[in-house]
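Observations on the model geometry
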Amino acid sequence: MTRERRKRIILVRRRSTGIALAGAISFLAGMTDATGLLLSGDFVSFMTGNTTRAALAIGTGDLPHAVILISAIIVFVLGNAGGIVLAHFVRRRVFAVLATVGVLLALASTLSADSLAMPRFYLMVASMGAVNAAVEHIEGLPIGLTYVTGALSRFGRGIGRWIIGDRRLEWTIQIVPWIGMLAGAVAGAFLTQAAGTRALWVVSAFAIMIAAAALFIPTRLQRRFNQMALPRAQTDTR
């Protein structure tokens, strides 16, 4: 086997692993978002939608709902930050992030009483913020896990570039998060209609299953899915 062929095989394996992982996490995000929406009436991962709804609430004078949504956006951002910090300090980044997401969702699933709806909602939002730190890019291609607008935009731009003569096809992986999100949302809708708040136990178990599967991904490969923080000297020269 030639050196070039070996490199191509390694690249395909890395990319395939990343795509499978991104698809599974997007499925998880879709399940969680659909379940959260049906249980609370608001999105737990789609912050663009929550931003628009918060603005409408302010415009119509519904300030309590606006506060809930703006607080959710803040919690989502903090969840993202926490996921990145966690990923930075542990060796098995993907496992650690997904296990944390599973724990947060498990905690949310214990809050089934109506009086605990808000803490449950914010725990779900925090979990969806944190899960974005599991996979930030695949072989240098940025990829979103809990939102698909950016992925669809990159997919559309890829189609445009292909039409004008650019025959690279790496952009096609951007459709994976959308498919995963759609399928997961359908599953979450069925689960929630059938089991109510107990559906969160299934969502939590699925997160733990992905985390367990991530244990079989080599540590060096897990690191490739995350954007590394640059040393201060490098960032100062930009």
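Structural notes, computed from the coordinates. (Residues numbered from 1 in each chain as written. Predicted model: local features only at pLDDT ≥ 70, side-chain atom pairs only at ≥ 80, totals over all residues. Heavy atoms only, no water.)

Digging into helix 8 (residues 199–214)
- A rise of 1.5 Å per residue sets the reference length of helix 8, with its 16 residues, at 22 Å; its end C-alpha atoms lie 23 Å apart and thus fit the reference within 8%.
- Listed as buried for helix 8 are A199, L200, V203, S204, A207, I210, A211 and A214. The buried residues of helix 8 all sit within an arc of 145° when viewed along its axis, so they share a single face. (Helix = DSSP H or I, 4+ residues; strand = E, 2+ residues; numbered from the N terminus. Expected span 1.5 Å × (residues − 1). Buried < 20%, exposed > 50% of the residue type's maximum accessible area, 1.4 Å probe, protein only. Arc of directions from axis to C-beta.)

Regarding the side chain of N50
- Along the chain, N50 turns up in helix 2 (residues 47–59).
- Those residues in contact with N50 that lie beyond four places of it in its chain are D42, F43, L69, A72 and I73. (Contact = heavy atoms within 4.5 Å.)

Quick look at the environment of I70
- Note on placement: I70 falls in helix 3 (residues 63–89).
- The contact partners of I70, leaving out residues within four places of it in the chain, are A54 and I58.

Things to note about the packing of aromatic side chains
- Within the structure shown, the criterion is met by four aromatic pairs.
- For the pair F155 and W171, a centre-to-centre distance of 5.3 Å together with 65° between the ring planes defines the contact as edge-to-face. With F155 in helix 6 (residues 149–163) and W171 in the loop between helix 6 and helix 7 (175–195), this pair connects stretches of sequence that are 16 residues apart.
- Positioned above the aromatic ring of W162 is the side chain of R167, whose terminal nitrogen or guanidinium carbon lies 4.3 Å from the ring centre. (Phe/Tyr/Trp six-rings, centres within 6.5 Å; stacked < 30°, edge-to-face > 60°. Lys NZ or Arg CZ within 6 Å of the ring centre and 35° of its normal.)

Description of a nonpolar patch on the surface
- Together, L152, W178, I179, L182, V186 and F190 give the surface a local cluster of nonpolar side chains, amounting to about 560 Å² of exposed area.
- Counting residues per element, the nonpolar patch draws most heavily on helix 7, at five residues.
- Within the secondary structure layout, F190 lies in helix 7.
- On the accessibility criterion, F190 (57% relative accessible area) is exposed. (Patch = residues over 30% accessible without salt bridge, like charges linked within 9 Å, V, L, I, M, F, W, Y side chains within 5 Å. Areas by Shrake-Rupley, 256 points an atom, 1.4 Å probe, with all protein chains shown as cover. Salt bridge = Lys/Arg side-chain N within 4 Å of Asp/Glu carboxyl O.)

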